[in-house]
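# Fold and contact review
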Amino acid sequence: MDAKRKMLMILALAGLAVGAFGVVEALMHGTNATALTSSVPWGLGVVVYLYFLGLSAGAFLVSILVYVFGLKRYEPLGKIAAWAVVVTEVCAGGAIALDLGRWGRMYRFVLSPSLDSPMLWMFVFFTLLLVIYLLKIKAITQGCDECVRKLSIVALPVGLLFYGTNGYFFSVLASRPIWNNPLVPFQFVLAALLTGGALLAVLALAFPPEGDDYDGLMRGLGKSILFLLVVFLLVEAVTITSGLKSGKADVVVAINAVVCGPRWWSFWIIHLVLGGLLPFLLLVKNGSGPRDVCQAGLLILATFPFARYDFVIPAQGLPMLPGLDTAFIHPRLSLSYSPDMGEWLVTVFFLALALFGFLIGPKLIPALFGSKEGDAHA
Amino acid sequence: MGRTLPIEDPLIRMQRDLKKAKAADPAKVRWIMVIDQAKCAGCQACTVACVAENKLPPGVVYRPVIDEELGTYPSVRRRFLPRPCMQCDNPPCVGVCPVHATTKNEQGVTVIDYNRCIGCRYCLSACPYGARTSDFGEWYTAKTADAPGVLVGKTGAAQGYEENPAAEYGKEWAARSRRDSPIGNARKCHFCLHRLAVGMLPACVTTCIGRATFFGDRNDPDALVRELLGSPRIHRLKEEMGTKPAVYYLG
């Protein structure tokens, strides 16, 4: 293990130790240990879940490139991607489970499932995807290429349904007009592919896969990320402008809260400049190499939580009925939400867990990380 | 002495309507509420009565009263809008629950199974009336100095009010603790089903000082609420959403 990885491992272990306080608090006290309110019932836990589930789409992106577009040169990335799915899904699942008021009753998804609920289908596809990728890792380590190919083909519709269902989960909420938009499921698939691709770019530089055409592979991945970034930003622009022109008060207020509210810097500087413009420039310039693609990926990864926060929180900043927010005063009924220490600690725990997972992966299952495992570029 | 008073209190009539509905086939009874905004004085007695009846913890409220100020000075007026659960015929909260913890009962009341709810709060986001609150496990006596055995101490105060459960949904619940339901669950107005079961009107109805809240069976043609539904002032909140609320307002 080189010095950089040792430092990262120390960082991960420190994060796990510090974050464990938040996890224990959440396990013992449930949502009492959060700053959530009945008016803002979804907070940082949901943001972290959405972020990690997006990262898990890296493998889905590889499957599309290899098995839909026939780009076989991306196949080497599939091994790393399979591990990335398992690590990020575990983190996503953990974050959202701790966000439940009664996490101990998750068995109810199996005992009394409601097929009408988008959340039930999220649970089903989440579980299916995790099982598929655990099987895929087993197949890779056993060298069964045919099994890997078949599992990738099965994962394609399951992944599409999973990422789409997460958007559908929000879009069915007619009570929240800004979420109640048919573009939302499509946006979720795009966001998942974009962040998943960004994660792959970083992992591909950290653990260069086998094969001669490494630079070509990275340039191709860069082009895919660039395409997804442009389409994502265009869809976002359409959503915002059409929302502002809709005249629906709830939608206009929620969009204004994002673009010119107290957290305007999150949207304009972090999301658009650091997470949109800079990666675009890095990817579009002539002769961009693996390092540029990795840097663009890092920027997208680091800034996307802000975009998810801006999607989840401001939409809940309006009372369901005018004046309801002042009808009965209590902090747990307030429209304002700012994550408390417990929520931040849980976030630190799962970010550290993901980092730990990526660092321990090559030691745990070397077969997934190619022959150049020791030669980390990052 | 005659059987009726010269001016009958609406509560007497509603009590009679309730008795009749209780004798009817339960499958044919549909409970509805009518709130006359012209009579509501904004005293919040219904809110407080509901909190006391259901022993609601801090941050949980089933029936807040929205205080609206209309017009511009000097032509201003106030209007009050009590907001219980609308007990929608087409409730958005029921469909989104992933574990069938919230359902419609035979009389059209949306109920929550506290022992099944996983606390995902999807129903809170889905309700267009903000009628659901999450029980975050708050305690009125959380910051009260503890002095076991002393009347004014936290232990004494908690045992006197907070730990004794309400009879919500007609069940005997365990003493409120840090771990047991309904802590962590979604909670909402249930038209005081536990009171209806023993022939009593909902707490908000009996405590309304202006007699602005009416309750009864929509399917009884002789019921007071049925009479009120004929008023040209009748309307429901967010009718355009297709939720078909069972709470009507006389505007």
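Our subject in this report is the structure included herewith.

## Quick word on the packing of aromatic side chains
If you walk through the whole model with that rule in mind, you get 25 aromatic pairs over all chains. Plain terms: the ring middles of A:Trp42 and A:Trp179 are 5.8 Å apart, the flat faces sit at 25 degrees to each other, and that makes the pair stacked. Linking A:Trp42 in the loop between α1 (3-29) and α2 (44-55) with A:Trp179 in the loop between α7 (145-171) and α8 (183-206), this pair joins segments that are 137 residues apart in sequence. For the pair formed by A:Trp42 and A:Trp179, the shared burial category is buried. Here B:Phe191 and B:Phe215 contribute two aromatic rings whose centre-to-centre distance is 5.2 Å and whose plane-to-plane angle is 90 degrees, an arrangement assigned as edge-to-face. Taken together, the residues B:Phe191 in the loop between β7 (186-187) and α6 (193-196) and B:Phe215 in strand β8 (residues 213-217) connect sequence positions 24 residues apart. By relative accessible area, which is 1% here, B:Phe191 ends up buried. The lysine or arginine in question, A:Arg308, covers the ring of A:Phe188, its NZ or CZ lying 4.8 Å from the ring centre. In this structure, A:Arg332 is placed above the aromatic ring of B:Phe136, and the distance from its NZ or CZ to the ring centre is 4.4 Å.

## Topic: the sheet that holds β8(B)
All names here are of chain B. Pairing is mixed across the open sheet formed by 4 strands, whose spatial order is β8-β1-β10-β9. Strands with a single pairing partner mark the edges of an open sheet, and in this sheet they are β8 and β9 (234-235). Both strand β1 (residues 31-36) and β8 contribute to a ladder of 5 bridges, which runs antiparallel. Directly across from Val 34, in β8, lies its bridge partner Phe 214. Across the face of the sheet, helix α1 (residues 10-23) comes into contact with β1 and β8 while running at roughly 20 degrees to β8.

## A look at the nonpolar core
If you look at the biggest cluster of nonpolar residues, it comprises 187 residues, and the most contacted ones within it are A:Trp42, A:Tyr133, A:Tyr163, A:Phe170, B:Trp31 and B:Phe215. Top element by residues in this core is α8(A). It accounts for 17 residues. Apart from residues no more than four positions distant in its own chain, A:Phe170 is found in contact with A:Trp42, A:Val46, A:Leu50, A:Trp179, A:Asn180, A:Val184, A:Phe188 and A:Phe311. Counting 6 residues, the second-largest nonpolar core is a separate cluster that includes A:Ile240, A:Val251, A:Ile255 and A:Val259.

## Let's talk about the layout of surface pockets
All names here are of chain A. In this model, the largest pocket occupies a volume close to 1000 Å³. Along the wall of the largest pocket there are 40 residues; nearest its centre are Tyr 51, Leu 298, Leu 301, Leu 351 and Leu 355. Taken as a whole, the second largest pocket holds about 410 Å³ of empty space. Taken together, 20 residues form the lining of the second largest pocket, with Tyr 49, Ile 96, Met 106, Phe 109 and Met 122 sitting closest to its centre. Of all the secondary-structure elements, those providing two or more residues to the lining of the second largest pocket are α2, α4 (77-98), α6 (118-142) and α7. Looking at the lining of the second largest pocket, the element that brings in the most residues is α6, giving 5 residues. When grouped by side-chain class, the residues that make up the lining of the second largest pocket number 16 nonpolar, 3 polar and 1 charged.

## Description of the interface of chain A and chain B
Residue-level contacts link 38 residues of chain A with 48 residues of chain B. Overall, the association of chain A and chain B removes approximately 3600 Å² of surface from exposure, summing both partners, and the carbon and sulfur fraction of that is 58%. Among the residues of chain A in contact with chain B, A:Arg102, A:Arg105 and A:Leu321 are the three that bury the most area, contributing 17% of the side total. At the surface where chain A touches chain B, the tally comes to 2 salt bridges. We note a salt bridge from A:Arg332 to B:Glu138, for which the minimum N-O separation is 2.7 Å. At the surface where chain A touches chain B, the tally comes to 25 residue pairs in polar contact (both at pLDDT 80 or more). When contributions to the side of chain A that touches chain B are tallied by element, the ones reaching two or more residues are α5 (108-111) and α6 of chain A. For the side of chain A that touches chain B, the leading source of residues is α6(A), giving 3 residues. Here the side of chain A that touches chain B is composed, by residue class, of 20 nonpolar, 11 polar and 7 charged.

## Digging into the pairing of strand β3 (residues 75-82) of chain B
Each regular strand displays side chains that alternate between the two surfaces of the sheet. Residue and element names in this part refer to chain B. In terms of strand pairing, strand β2 (residues 65-72) meets β3 through 8 bridges, oriented antiparallel. What sits directly across from Asp 67, in β3, is Phe 80. The hairpin formed by β2 and β3 contains 2 residues between the paired strands.

## A short note on the state of the cysteines
In the structure shown here, the tally under the stated rule is 1 disulfide over all chains. In this model A:Cys144 forms its disulfide with A:Cys147; the gap between the sulfur atoms is 2.3 Å. Every disulfide takes its handedness from the sign of the S-S torsion; for A:Cys144 and A:Cys147 that torsion is 65 degrees, giving right-handed. In this model B:Cys40 remains outside any disulfide bridge; the closest cysteine sulfur is found in B:Cys46, 6.4 Å from its own. There is no disulfide at B:Cys88, and the cysteine sulfur nearest it, in B:Cys85, is 6.3 Å away. With a relative accessible area of 7%, B:Cys88 lands in the buried category.

## A closer look at the pairing of β1(B)
All names here are of chain B. With respect to burial, β1 is a largely interior element, 6 of its 6 residues being buried. Of the two faces of β1, the one lined by Trp 31, Met 33 and Ile 35 and the one lined by Ile 32, Val 34 and Asp 36 are each fully buried. Bridge count for β1 against strand β10 (residues 247-250) is 4 bridges, and the pairing is parallel. Residue pairing across strands places Asp 36 opposite Leu 250, the latter belonging to β10.

## Considering empty space enclosed by the protein
On inspection of all chains with the given rule, the structure shows 14 cavities of 30 Å³ or more. Computed from the structure, the largest cavity encloses a volume of approximately 370 Å³. Lining of the largest cavity is provided by 21 residues; of these, A:Gln187, A:Glu236, A:Ile240, A:Asp310 and A:Phe311 occupy positions nearest its centre. Of all elements in the fold, only α8, α9 (214-246), α10 (249-259), α11 (264-284) and α12 (290-312) of chain A reach the threshold of two or more residues within the lining of the largest cavity. When grouped by side-chain class, the residues that make up the lining of the largest cavity number 15 nonpolar, 3 polar and 3 charged. One number sums up the size of the second largest cavity: a volume of about 230 Å³. Along the walls of the second largest cavity sit 18 residues, with A:Ser38, A:Ser39, A:Leu324, A:Leu333 and B:Gly130 positioned nearest its centre. Here the lining of the second largest cavity is built from residues that sort into 10 nonpolar, 4 polar and 4 charged.

Conventions and cut-offs
All chains use their own residue numbering, which begins from 1 and follows the written sequence. Key to labels: chains lettered from A, ligands numbered from 1, both in the order written. Local features in this predicted model are restricted to residues of pLDDT 70 or higher, and side-chain atom pairs are both shown and tallied only at a pLDDT of 80 or more, whereas totals for entire chains, interfaces and linings draw on every residue. Side-chain measures here rest on the full set of heavy atoms in the structure, leaving out hydrogens and waters. The rule is short: rings of Phe, Tyr and Trp, with Trp giving its six-membered ring, pair when the centres are within 6.5 Å, and they are stacked under 30 degrees, edge-to-face over 60, tilted in between. Helix and strand definitions here come from DSSP, where helices need a minimum of 4 consecutive H or I residues and strands a minimum of 2 consecutive E residues; each element is numbered from the N-terminal end. In this scheme, a residue with accessible area under 20% of its type's maximum is buried, one over 50% is exposed, and one in between is partly exposed, where area comes from a 1.4 Å probe on protein chains only. Either the NZ atom of lysine or the CZ atom of arginine qualifies as a charge over a ring when it sits within 6 Å of the ring centre and within 35 degrees of the ring normal. At least two bridges found by DSSP between two strands are what make those strands a pair. Whether two residues are in contact is decided by their heavy atoms: any pair within 4.5 Å suffices. The axes are straight lines fitted to the C-alpha atoms, using for helices just the contacting stretch, and the angles between their N-to-C directions are given from 0 to 180°. We define the nonpolar core as a collection of buried residues of types Ala, Val, Leu, Ile, Met, Phe, Trp, Tyr and Cys that are connected through side-chain atoms lying within 4.5 Å of one another. For each structure, a 1 Å grid was placed over the protein atoms alone; sets of points admitting a 1.4 Å probe that cannot get out are labelled cavities, open sets with protein on both sides within 12 Å along at least five of seven lines are labelled pockets, and lining residues have an atom within 4 Å of a point. Grid points are joined across faces, edges and corners, and a volume is the space filled by probe spheres set on the points. Three classes are used, and their members are as follows: Ala, Val, Leu, Ile, Met, Phe, Trp, Tyr, Cys and Pro are nonpolar, Asp, Glu, Lys and Arg are charged, and the others, Gly among them, are polar. Joining two parts hides part of their accessible area as seen by a 1.4 Å probe, and the buried area is that hidden amount summed over both. The term salt bridge refers to a side-chain nitrogen of Lys or Arg lying within 4 Å of a carboxyl oxygen of Asp or Glu. Contacts described as polar in this section are N or O atom pairs within 3.5 Å, which, within protein, must combine one atom able to donate a hydrogen with one able to accept it, while residues neighboring in sequence count only if both atoms come from side chains. Two cysteine sulfur atoms form a disulfide, by the criterion used here, when they sit within 2.5 Å.

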